[in-house]
Amino acid sequence: MAKNLIIVESPAKSKTIKKFLGSNYTVVASNGHVRDLPKSQMGVDFDNDFEPKYITIRGKGELLATLRKEVKKADKIYLATDPDREGEAISYHLCHALKLDPKKTRRITFNEITKNAVRQAIKQSREIDMDLVDAQQARRVLDRIVGYSISPLLWDKVKRGLSAGRVQSVALRIVADREEEIDAFIPTEYWSLEASFSVKGTKKPLIAKYYGNPKKQENISRDEMAKITKALKNAKYEVTDIKKGERSKKPPLPFTTSTLQQECAKNMNFSTQKTMRIAQQLYEGVAVKGHGTIGLITYLRTDSTRISEEADQECKEFIRENYGEESIISAAYVRKSDKKIQDAHEAIRPTYVNLTPAQVKDSLSRDQFRLYQVVWKRFVASRMDAARYETTSVKIDADEYRFTSSGSKIVFPGFLSVYQDNEEKVDNNAVLHKVSVGTVFDKAELTSEQHFTQPPAHYTEASLVKAMEELGIGRPSTYAPTITTLISRRYVAKEQKNLYLSDLGDIVNQIMKGAFSSIVDVNFTATMEMLLDGVAEGTVEWKSVVRNFYPDLAEAIDHAEQALEKIEIEDEMTDTICELCGKNMVIKYGPHGKFLACPGFPECRNTKPYFEKIGVTCHKCGGEIVIKKTQKGRRYYGCENYPECEVMTWQKPSNKLCPKCNNMLLEKGNKLVCADNSCGYMEEKPKDNA
């Protein structure tokens, strides 16, 4: 009997696959990559047409020796690394590291780790796809050239330990641009009005919102609201129109990598990295009571919402048995085609739809269960019909002023039987049925409320992933590591769920924008991703991408080295005296930003927090306003006399006070705006400050 060897990436995956195959199959793991570019040098031969210089990864020697012994025993070798470009590259490197015979080596891929999928993959084995390998090589070489060319420049000009990256630096710019929008945003006051009516036969009041006069009126000012409420003081309110109708809500599409990361971040507070780690565990296989070790979800790195015909039919049969024929979707909703989508794999779905979350709960950790449950529910919901609502809308007129009220109730739950994605709460519906055209209300309780327009929201991990996907920056496999790098390098601080630009991130972003504008240009990076897709499809030669890219980068680096030569970050002397040795302390840069240190180091190791003065006096106690930082590195402005004086603000304060309320004036773009939104005072920023 022939001996077959299957090489996968992880031990968990090998354990899952073993149970599907007979005794003539041996399954071993490579534990990820076995060859890579060296860490100590560029690893790209510029004189030999950008040929990468791969070496065996340190610590893999013993593993490779074990794999070679298994290779010698085998009549046929199957490389079963992950079904993406990186997995293809790992198979390619295994061929070279193990010196595999091409005649007896085959590549197999499967989107789900099930018995049928694995056996079918063996039947459909193929050669290594060099187009996919080259696409991965092109990405690796480009990222290495950018990182190893620009990072030393940042070490020299700012501080050691910094890094730049082709995708990472663009993501940093996206966060920085949003911070600029928020800082420059000036809130605008507007008012809303609600009327509450007593309705016979019900204890609940009918709530109606002010609509207009009679056309829709938006951004109502304080004076306009005063005029409206005065005119309505003794008005009679009459129901002039009632409309009934229907609306439907489409089921959601199955998860892609991006939408799964967004869902888990919003509803479970998972970081993108945590989402991918747990999803990887569920894909590779977990021990489930009564089933052994099985893979519970399909491959987790995908940008497609496509579902295989077999999985589609199995799911519809499950819905028919558990929710009824009428709940099955009549026609699948398809996401509009997007040129940025690779569509290489199916959407993320459960491998066995009949294995409900309740059945596997006892076999999974809490986080594994929560992720499996949301994947299972989303997939089943995607094969179910739309939810249908009965809607009622009412118009209530008082002289020339109009109020409206609407409500709805579910008449057919459809996919909501399984999956509710923050479904809106429906109010007023029961009350609306108690009124009819011509109903008159003699009295209304009017409630006016002041509002202010809000700035764009700070990015969260979820919204940054969404922005990167929409802009075509990176690919499903790069979202999590990119965001993780930004946080670990302290370029971005994460507080609660929000991402904030740190001082260090601001410095790096400014240097990158000034010296390497094309590297951090969103359109340029998106175009580069499309070229890499072209390499994967076999329409673009990978080295031509690097050849066309490198000359501009080299020129930018030469220019930056000369232009930035004059920038020297020296230790700045302060008037703070070291109480241990009497020397003037100096400003140093650390992982968390600036701090005070004694220049007598290492003899004197005294350090203190450093609060930079901005030349603004506290309007409450007369102390100095200084720059401070939260634990995560987000900058704010506060009084030096804290905690006695609790003045603080996220925006930079001005030395001028508001002439209306004597509060601080904050710098927002080219304006000075009162710190108290309800005051609303604003003036132009003096030109010498702009």
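Look above for the structure.
Basis of the calculations
- Residues numbered from 1 in each chain as written.
- Predicted model: local features only at pLDDT ≥ 70, side-chain atom pairs only at ≥ 80, totals over all residues.
- Heavy atoms only, no water.
- Pairing = 2+ DSSP bridges.
- Helix = DSSP H or I, 4+ residues; strand = E, 2+ residues; numbered from the N terminus.
- Axes fitted to C-alpha atoms, helices over the stretch in contact; angles between N-to-C directions.
- Parallel < 35°, antiparallel > 145°, perpendicular 65-115°, else oblique.
- Contact = heavy atoms within 4.5 Å.
- Nonpolar A, V, L, I, M, F, W, Y, C, P; charged D, E, K, R; others polar.
- Buried < 20%, exposed > 50% of the residue type's maximum accessible area, 1.4 Å probe, protein only.
- Salt bridge = Lys/Arg side-chain N within 4 Å of Asp/Glu carboxyl O.
- Phe/Tyr/Trp six-rings, centres within 6.5 Å; stacked < 30°, edge-to-face > 60°.

A. Representation of the sheet that holds strand 29 (residues 664–668) within the structure. Spatial strand order, 28-29-30-31: four strands in an open sheet with antiparallel pairing. Edge strands, defined here as strands with exactly one partner in the open sheet, are strand 28 (653–657) and strand 31 (682–684). On average, adjacent strands in this sheet sit at an angle of 35 degrees to one another, irrespective of strand direction. As paired strands, strand 28 and strand 29 are joined by two bridges and run antiparallel to one another. When the bridges of strand 29 are listed, Pro653 appears paired with Leu666.

B. The packing of helix 6 (residues 168–184) against helix 16 (residues 503–515), seen in detail. For the pair helix 6 and helix 16, the least separation of the axes is 10 Å and the interaxial angle reads 110 degrees. Taken as axis vectors, helix 6 and helix 16 run roughly perpendicular relative to one another. Of the residues in helix 16, those touching helix 6 at Ser169, Leu172, Arg173, Ala176, Asp177 and Glu180 are Gly505, Val508, Asn509, Gln510, Met512 and Lys513. Of the residues assigned to the contact of helix 6 with helix 16, the class counts are four nonpolar, four polar and four charged.

C. Layout of the environment of Asp134. For Asp134, the position within the fold is in helix 5 (residues 130–157). Classification of Asp134 as buried rests on a relative accessible area of 18%. When the C-alpha atoms of Asp134 and Asp533 are compared, they prove to be 10 Å apart, with 399 residues separating the residues in sequence. Among residues more than four places away in sequence, those in contact with Asp134 are Val535 and Trp542.

D. Fine view of the sheet that holds strand 24 (residues 612–617). Read across the sheet, four strands follow the order 24-25-26-27 without closing on themselves; strand pairing throughout is antiparallel. At either end of the open sheet lies a strand with only one pairing partner, and these are strand 24 and strand 27 (648–649). Examined bridge by bridge, strand 24 and strand 25 (residues 624–629) share three bridges and lie antiparallel to one another. Looking at strand 25, one finds that Glu612 is bridged to Ile627.

E. How the structure looks around the pattern of salt bridges. Taken as a whole, this structure holds 31 salt bridges when the rule is applied. Among the salt bridges present, the one from Lys13 reaches Asp82, with a minimum N-O distance of 2.7 Å. Taken together, the positions of Lys13 in helix 1 (residues 11–18) and Asp82 in the loop between strand 7 (76–79) and helix 3 (85–97) put the pair 69 residues apart, joining distant regions of the chain. The exposure classification of Lys13 matches that of Asp82, with both residues buried. Among the salt bridges present, the one from Arg475 reaches Asp533, with a minimum N-O distance of 2.6 Å. Within this pair, whereas Arg475 is found in the loop between helix 14 (461–471) and helix 15 (479–488), its partner Asp533 is found in helix 17 (residues 522–537), the two being separated by 58 residues in sequence.

F. The arrangement of the environment of Ala135 in detail. Inspection of the secondary structure puts Ala135 in helix 5. With 381 residues separating them along the chain, Ala135 and Phe516 place their C-alpha atoms 24 Å apart.

G. Seen up close, the packing of aromatic side chains. Summed over all chains, the structure comprises 12 aromatic pairs. Judged by centre distance (5.2 Å) and plane angle (65 degrees), the rings of Phe197 and Tyr237 are edge-to-face. With Phe197 in strand 9 (residues 189–197) and Tyr237 in strand 11 (residues 237–249), this residue pair connects regions lying 40 residues apart in the sequence. The buried category is assigned to Phe197, whose relative accessible area is 0%. Following the ring pairs from residue to residue traces out a cluster consisting of Phe197, Tyr210, Tyr237, Tyr401, Phe403 and Phe441.

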